[in-house]
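Commentary on secondary and tertiary structure
One-letter residues, chain by chain:
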Amino acid sequence: MTDTTIPPGTPVRERGSASRQPSAPVPPRRRTRARATAGSGRMAALLVSPTLLVLATVVLYPTLMALHESLYGPKGLDPRTGFIRTTEPFVGLHNYADILGADGERFWNAFWNTTFFTVVTVGLETVIGVVMALIMHQAFRGRALVRAGILVPWAVPTAISGLLWRWIFNSNGVANALLGRQVLWTTEGFHAKVAVVVAEVWKTAPFIGLLVLAGLQVIPKEVHEAARIDGAGALRRFWHVTLPLVKPALLVAVLFRCLDALRMFDLPYILVGAQKTSVETLSMLAQNEASNVRFGPASAYAVILFLYVLLIALAFVRLLGADLVGDRDGTKAKRGRLRLRGVLAPRPAPAGRTEVAA
């Protein structure tokens, strides 16, 4: 029989403990990684520079010029000399003070009209656009014809759409013939708002439907089949499977539509007309000031509208940025899938802590 007695003084290694022998030194790789990162950064900057140049030309420069112009007043008469000014006088923030003070009633009316049109039209377009996408996604005979019919309103220019709906909402038009009443849609009143909302939703709901359709087509069929096998009905499949998977595309579509609706000008201008209190928006207000050669107040209105759109975009991306941008390394998505399967991997133990085997 072999003697298994351990002589005294011999170090005993605990079962499950890692070897404490020093490992071979690892050569430093920080310089190599830094060089690779710097090279990738330079290549990315080189590829993005044309886009940044175009944006600086068509966005940044006009914005700075509008901000500069908003600090100057109209030429007009100089009250000190009685002569017409040859240059625009510097008035500082006087244009903004007039907008929020003397002309505050008109400004706030246009502000609330802009907000009302944005909230109502985007809300209706989202619901109708999702329904359109679900219809276009189904496999049935004549689907190509249905898709073309749904997307035609979005392809029609806004000016042509405004003239078309102006004829429909005429006093002797199709709308009054269907209602059996004489409603003056293109005059002052809440019905003018309704006319603008109907025309805007008809034209731009297919845009949301098109983006949602693109999101629906990348959803694997196995996901719906698995939910159907598990006994989920059509409504539960839509709410718990389709809507969460199509949410990123839907949020991008809603963001684009919000930014576009806040700058609404051409449709109410053509459909109802200029200087109509019921439908006047901030863009129409700025255009009205510019057409009367008051470029300072017009630029001030444009700057305020730009700040309003910027705040809405920042708030939208801030609140929903995770869904718009997504996780960089896919860790959250991976952990979410594992959690759904009930196989969430355990977290690794911190360094320096050993686990004792049972």
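Our structure's up above, just so we're on the same page.
**Digging into the packing of aromatic side chains**
Each aromatic ring pair is summarised here by two numbers: the centre-to-centre distance and the angle between the ring planes. If you walk through the whole model with that rule in mind, you get 14 aromatic pairs. Consider the rings of Trp165 and Phe169, whose centres lie 5.4 Å apart with planes at 25°: the pair is stacked. Looking at Trp165, the relative accessible area reads 12%, which means it is buried. Given a relative accessible area of 6%, Phe169 falls into the buried group. Through successive ring pairs, a cluster of aromatic residues spans Phe107, Trp108, Phe111, Trp112, Tyr301 and Tyr308.

**Thoughts on the side chain of Ser278**
For Ser278, the position within the fold is in the loop between α10 (266-271) and α11 (282-291). For Ser278, the side chain forms a polar contact with the side chain of Glu188, separated by 2.7 Å. In this structure the side chain of Ser278 is engaged in a polar contact, spanning 2.7 Å, whose partner is the backbone nitrogen of Gly189. In contact with Ser278, not counting residues within four places along its chain, are Asn113, Phe117, Glu188, Gly189, Ala192 and Lys193.

**Comments concerning unusual backbone geometry**
Even without being a glycine, Gln275 presents a positive backbone phi close to 55°. Turning to its location among the elements, Gln275 is positioned in the loop between α10 and α11. Judged by relative accessible area, which is 53%, Gln275 ranks as exposed. The phi dihedral of Val293 is positive, around 60°, even though this residue is not glycine. Position of Val293 relative to the elements: it lies in the loop between α11 and α12 (295-325). Residue classification places Val293 among the exposed residues on the basis of a relative accessible area of 53%.

Conventions used here
Residues numbered from 1 in each chain as written. Predicted model: local features only at pLDDT ≥ 70, side-chain atom pairs only at ≥ 80, totals over all residues. Heavy atoms only, no water. Phe/Tyr/Trp six-rings, centres within 6.5 Å; stacked < 30°, edge-to-face > 60°. Buried < 20%, exposed > 50% of the residue type's maximum accessible area, 1.4 Å probe, protein only. Helix = DSSP H or I, 4+ residues; strand = E, 2+ residues; numbered from the N terminus. Polar contact = N/O pair within 3.5 Å; in protein donor to acceptor, adjacent residues only side chain to side chain. Contact = heavy atoms within 4.5 Å.

All we've got here are geometric facts, nothing functional implied.
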